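Given next are the chains, with one letter for each unit.
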Amino acid sequence: MSPDSMAPGSVRPAAEVNEQIRALWMRAGGSLSAQERAEYELLVVEWAAAIRADVIEAA
């Protein structure tokens, strides 16, 4: 599922997003195209939101 297709307010677990980021880098062979870079940036934003949600939940 791509980050832009998610419902507003829904957050996947950080580990799941991190795995998708790792898979993207593996497919790209360490050098991202412009399209892959855009996908990476969206995933990082989603990952950060998931981390924040984990911190808030832990508090």
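Refer to the preceding data block for the structure.
Read on for an overview of the structure. All values reported here derive from a predicted model rather than from experimental measurement.

**Notes on a nonpolar patch on the surface**
Alright, step 1. Nonpolar side chains collect at one region of the surface, where Trp47, Ile51 and Val55 lie side by side and expose about 250 Å² of accessible area between them.
Alright, step 2. Along the chain, the position of Val55 falls in helix 2 (residues 34-58).
Alright, step 3. For Val55, a relative accessible area of 55% puts it in the exposed group.

**Things to note about the pattern of salt bridges**
Working definition: two side chains of opposite charge can pair if their charged atoms are close together.
Alright, step 1. The tally for this structure, following the rule as stated, stands at four salt bridges.
Alright, step 2. A salt bridge links Arg12 to Glu16; its shortest N-O distance comes to 3.4 Å.
Alright, step 3. Residue classification places Arg12 among the buried positions, given a relative accessible area of 10%.
Alright, step 4. Here Glu46 makes a salt bridge to Arg12, at a shortest N to O gap of 2.6 Å. Here Arg12 lies in the segment before helix 1 (14-28) and Glu46 lies in helix 2, a separation of 34 residues in the sequence. Pair check on accessibility: Glu46 and Arg12 agree, each one buried.

**Notes on the nonpolar core**
Alright, step 1. Within the largest apolar cluster, six residues are counted, these being Val17, Ile21, Leu24, Ala28, Leu32 and Leu43.
Alright, step 2. Discounting chain neighbours no more than four positions away, the residues touching Val17 are Arg12, Leu43, Glu46 and Trp47.

**Brief notes about the side chain of Arg12**
Alright, step 1. For Arg12, the side chain forms a polar contact with the side chain of Gln20, separated by 2.8 Å.
Alright, step 2. One polar contact links Arg12 to Glu46, side chain to side chain, over a distance of 2.6 Å.

**Let's talk about helix 2**
Alright, step 1. For helix 2, which comprises 25 residues, the first-to-last C-alpha distance of 36 Å matches the rise-based estimate of 36 Å (1.5 Å per residue) to within 8%.
Alright, step 2. Taken together, the buried positions of helix 2 are occupied by Leu43, Glu46 and Ala50.
Alright, step 3. Tucked inside the fold, the buried residues of helix 2 contact helix 1.

Criteria and thresholds
- Residues numbered from 1 in each chain as written.
- Predicted model: local features only at pLDDT ≥ 70, side-chain atom pairs only at ≥ 80, totals over all residues.
- Heavy atoms only, no water.
- Patch = residues over 30% accessible without salt bridge, like charges linked within 9 Å, V, L, I, M, F, W, Y side chains within 5 Å.
- Areas by Shrake-Rupley, 256 points an atom, 1.4 Å probe, with all protein chains shown as cover.
- Salt bridge = Lys/Arg side-chain N within 4 Å of Asp/Glu carboxyl O.
- Helix = DSSP H or I, 4+ residues; strand = E, 2+ residues; numbered from the N terminus.
- Buried < 20%, exposed > 50% of the residue type's maximum accessible area, 1.4 Å probe, protein only.
- Core = buried A, V, L, I, M, F, W, Y, C linked by side-chain atoms within 4.5 Å.
- Contact = heavy atoms within 4.5 Å.
- Polar contact = N/O pair within 3.5 Å; in protein donor to acceptor, adjacent residues only side chain to side chain.
- Expected span 1.5 Å × (residues − 1).

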